[in-house]
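Remarks on the overall topology
If you want the building blocks of each chain, they are given just below.
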Amino acid sequence: MLSVEEARKRILDATRVLPPEKLRIMDCLGYVLAEDVHAAEHIPPFRNSAMDGYAVVAEDTQSASKDFPIQLSIVESIPAGYAPTECVASGQAARIMTGAMMPNGADAVVMIEETQCEKNQVKVLDSVEKDENVRFAGESVMQGDLVMSRGKQIHPPEISMLASLNLPAVEVHKRPKVAVISTGDELTPLGGPLKPGKIRDSNRYGICAQIQEANCFPIDMGIATDDEVVLERKFRDAVGQADAVVTSGGVSVGDHDSVRAVLARMGEINFWRVAMKPGKPQAYGFIDGVPIFGLPGNPVSSLVVFELFVRPALLKMAGHSDLLRPTFQAILDDDVVNRDGRVNFLRTIITSRNGKFHAQTTGPQGSGILYSLVLANGFIIIPAGATIKAGQTVEAQLLKC
Ligand code: AMP
Ligand code: MG
């Protein structure tokens with residue numbers, strides 16, 4: 001059996017980053033930059049005021065106070081968006097609004113709250129230092145600077161920055177389109193009545209949602225029966241349009257576990273037993289160069305295996321380098337014994353109390369008990385054979401934030 005880390009390493013080593021595409025920055029949220037971004041101009045582009053107030057010669061104000069204000073004559077008023085037309089000399093001031101261009105001669109701005117205006121004169125009630133309340137050209141970013149490197153994920157501030165840099169579109173890595181196939185003769189689509197022996201197909205919905213949560217695009221391929229001919233047709237259809245394929249069910253050792261057989265015939269496939277619970281049996285491989293992730297059918301196993309292996313692979317395809325969710329230490333609220341030789345991913349409610357994280361398991365942990373994941377907001381990771389008592393710490397991971 002492979003360890004979780006070994007299995008993940010094999011998958012990630014074989015995972016290729018998707019090629020870039022040029023997207024409008026309005027559509028770039030969550031994407032990863034595929035190019036370095038340099039500044040073609042200074043930001044801000046010119047020296048401007050950080051306050052509503054008066055642009056002055058700082059030295060003029062050195063002795064200014066409420067009791068002994070100094071008086072300056074106002075040469076003009078400069079709103080944001082307009083260039084000054086006058087110079088400011090000693091004894092003068094220009095009324096100036098936040099973001100407006102600083103006039104030549106002035107080297108500081110007195111905020112409006114520290115002044116009293118009388119017609120075309122202003123009394124300054126406090127001194128300012130040279131450069132006070134002035135923003136310099138290039139103070140945020142200098143022309144020629146490397147502002148963002150390839151590999152950086154685009155969040156709202158990055159989109160604002162791209163707009164500041166006058167870039168309406170950028171090169172980003174494509175995000176994978178992922179085909180999802182549920183397999184099993186027992187699966188019934190939503191809506192119709194359940195015949196004896198049948199169940200609802202829940203995994204397909206959950207997997208599509210996990211793909212969306214990873215900022216990728218699910219392609220819902222519906223349900224395949226356990227008939228190998230039906231499954232083969234679905235696979236052909238899926239690899240023709242997707243960057244990756246995820247199946248659920250049919251990878252174990254049962255009589256009708258046809259995913260294994262069909263994958264082996266159509267492509268290059270590894271059948272793995274991973275030393276983890278839930279989710280031991282898994283299939284992974286390629287058909288026509290498209291990666292195939294065969295998840296186990298049990299609903300908890302399917303969601304956990306996606307989380308541990310498929311999600312990091314999809315993130316890598318989309319250009320990310322930070323592929324794993326962070327782990328942290330949490331205090332156990334109940335005793336936990338792992339009698340297995342496999343690492344256990346227990347569904348847990350993680351809370352923060354008195355500045356410490358606490359973890360409480362969500363009751364029955366069978367791999368078919370989907371409700372354990374509905375109650376949980378994270379995992380705790382219990383090493384093989386470990387006994388951990390209430391009050392001791394465990395490694396934990398948040399899934400829902
Ligand atoms: P399998 O991996 O095909 O042996 O399935 C293991 C268990 O998961 C069985 O109880 C299946 O009925 C159940 N199962 C398989 N696929 C799904 C699905 N798409 N939704 C819900 N349960 C499923
Ligand atoms: Mg099955």
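Our structure is the block above this text.
Described below are features of the structure shown in this document. Here the structure is a predicted model, which is why all the values come from computation and not from measurement. Every chain is numbered independently, its residues counted from 1 as its sequence is written. Following the order in which they are written, the chains are lettered starting with A and the ligands numbered starting with 1. It should be noted that, the model being predicted, local features are given only for residues of pLDDT at least 70 and side-chain atom pairs only at 80 or more, the latter also being counted only at that level, while totals for whole chains, interfaces and linings use all residues. In computing side-chain values, all of the structure's heavy atoms are included and hydrogens and water are not.

So, about empty space enclosed by the protein. Cavities and pockets were defined on a 1 Å grid built over protein atoms only: a cavity is a set of grid points that admits a 1.4 Å probe from which the probe cannot escape, a pocket is an open set flanked by protein on both sides within 12 Å along at least five of seven lines, and lining residues are those with an atom within 4 Å of any such point. Grid points are joined across faces, edges and corners, and a volume is the space filled by probe spheres set on the points. All told, the structure shown has one cavity of 30 Å³ or more when counted by the stated rule. I11, W272, Q282, A283, Y284, F293, G294, L295, V305, F309 and V310 are the residues that line the largest cavity. Note that Gly is not counted as nonpolar here; it falls among the polar residues with everything else outside the nonpolar set of Ala, Val, Leu, Ile, Met, Phe, Trp, Tyr, Cys and Pro and the charged set of Asp, Glu, Lys and Arg. The class makeup of the residues in the lining of the largest cavity is nine nonpolar, two polar and no charged.

In this analysis, rings of Phe, Tyr and Trp, with Trp reduced to its six-membered ring, are considered paired at centre separations within 6.5 Å, and the interplanar angle assigns stacked below 30 degrees, edge-to-face beyond 60, and tilted for intermediate values. Here the structure, examined in full by the defined rule, presents five aromatic pairs. Geometrically, the ring pair formed by Y284 and F293 is tilted, given 5.4 Å between the ring centres and 40 degrees between the ring planes. On the accessibility criterion, Y284 (4% relative accessible area) is buried. When the ring of F345 is compared with that of F379, the centres are 5.7 Å apart and the planes differ by 65 degrees; the resulting orientation is edge-to-face. Separated by 34 residues along the polypeptide, F345 in strand β24 (residues 343-353) and F379 in strand β26 (residues 378-382) bring together distant segments of the chain. Each residue in the set W272, Y284, F286 and F293 is aromatic and connected to the rest through ring pairs, giving one cluster. Its end group placed over the ring of Y31, R175 keeps NZ or CZ at 3.7 Å from the ring centre. The cut-offs for exposure are 20% and 50% of the maximum accessible area for each residue type, with area from a 1.4 Å probe on protein chains only; residues under the lower value are buried, those over the upper are exposed, and the others partly exposed. Working definition: helices are DSSP H or I runs of at least four residues, strands are E runs of at least two. Numbering for both runs from the N terminus. Here, over-ring charges are defined by two tests on the NZ atom of lysine or the CZ atom of arginine: distance to the ring centre within 6 Å, and angle to the ring normal within 35 degrees.

Every one of the 16 residues lining ligand 1 counts as a neighbour, but E186, D201, S202, G250 and G297 are closest to it. Pairs of N or O atoms within 3.5 Å make up the polar contacts considered here, provided that, within protein, one atom can donate a hydrogen while the other can accept it, and that residues adjacent in sequence are counted only when both atoms are side-chain atoms. G297 has a polar backbone atom sitting 2.9 Å from an oxygen atom of ligand 1. With residues, only the protein chains shown are counted as cover, and all accessible areas are computed by Shrake-Rupley using a 1.4 Å probe. Summarising the interface, the protein chains cover 76% of the accessible area of ligand 1, which totals 490 Å² for the free molecule. Cavity and pocket membership follows a simple rule, namely that a molecule belongs there if more than half of its atoms are within 2 Å of the grid points. When each cavity is represented as a set of grid points, ligand 1 is found to reside in the largest pocket. Listed by contribution, the elements that provide at least two residues to the shell around ligand 1 are β13 (177-183) and β15 (199-200). Of the residues that constitute the shell around ligand 1, the class distribution is three nonpolar, nine polar and four charged. Throughout, the term near means that a residue has one or more heavy atoms lying within 4 Å of the molecule or strand in question.

For the rest of this paragraph, the subject is the pairing of strand β8 (residues 115-118). By the convention used here, strands pair only if DSSP detects at least 2 bridges between them. As judged from the four bridges shared by β8 and strand β9 (residues 121-124), these two strands associate in the antiparallel manner. Bridge pairing in β9 places T115 opposite V124. Here β8 folds back onto β9, and the loop between the two strands holds two residues, one of which, K119, carries a positive phi near 50 degrees.

We now examine the packing of helix α1 (residues 4-14) against helix α6 (residues 299-317). Two quantities define a packed helix pair, namely the angle between the axes and the distance from one axis to the other. Following both chains from N to C, one finds α1 and α6 inclined at 30 degrees, their axes separated by 10 Å at the closest point. One finds that α1 runs roughly parallel with respect to α6. Read as a crossing pair, α1 and α6 show a hand that is right-handed. Two secondary-structure elements touch here, α1 through V4, A7, R8, I11 and L12 and α6 through L308, F309, P312, A313 and K316. Axis definition: a line fitted to C-alpha atoms, over the contacting stretch in the case of helices. Angles run 0 to 180 degrees between N-to-C directions. Any angle that is under 35 degrees is reported as roughly parallel, and any over 145 degrees as roughly antiparallel; angles of 65 to 115 degrees are reported as roughly perpendicular and all others as oblique. Put simply, a crossing is left-handed when the front helix is turned counterclockwise from the back one by less than a right angle, and right-handed when it is turned clockwise. Whether two residues touch is decided by their heavy atoms; if any such pair falls within 4.5 Å, the residues are in contact.

With that out of the way, let us pick up the sheet that holds strand β6 (residues 92-96). To summarise the sheet geometry, strands pair through backbone hydrogen bonds and adopt either a parallel or an antiparallel arrangement. The six strands lie next to each other as β7-β4-β6-β5-β9-β8, forming an open sheet whose pairing is mixed. Looking at the sheet topology across the chains shown, the edges are occupied by β7 (108-111) and β8. Across the sheet, the mean angle separating the axes of adjacent strands is 35 degrees when strand polarity is ignored. Note: strand β5 (residues 70-78) against β9, four bridges, orientation antiparallel. Its bridge partner being in β9, Q71 is matched across the sheet by K123.

Turning our attention to α6. Counted at 1.5 Å a residue, the expected span for α6 with its 19 residues is 27 Å, and the 25 Å between its end C-alpha atoms agrees. With 17 of 19 residues buried, α6 is to be regarded as a mostly interior element. G319 sits one or two positions beyond α6 and adopts a positive phi of about 95 degrees. Any helix carries an expected span of 1.5 Å times its number of residues minus one.

This part covers unusual backbone geometry. With an omega dihedral of -10 degrees, the bond running from I43 to P44 counts as a cis peptide bond. With respect to the secondary-structure elements, P44 resides in the loop between β2 (37-38) and β3 (48-49). K277 connects to P278 through a cis peptide bond whose omega is 0 degrees. Looking at the element boundaries, P278 is found in the loop between β19 (276-277) and β20 (281-287). The phi torsion at D288 lies on the positive side, around 50 degrees, for a residue other than glycine. As for its position among the elements, D288 is in the loop between β20 and β21 (290-295).

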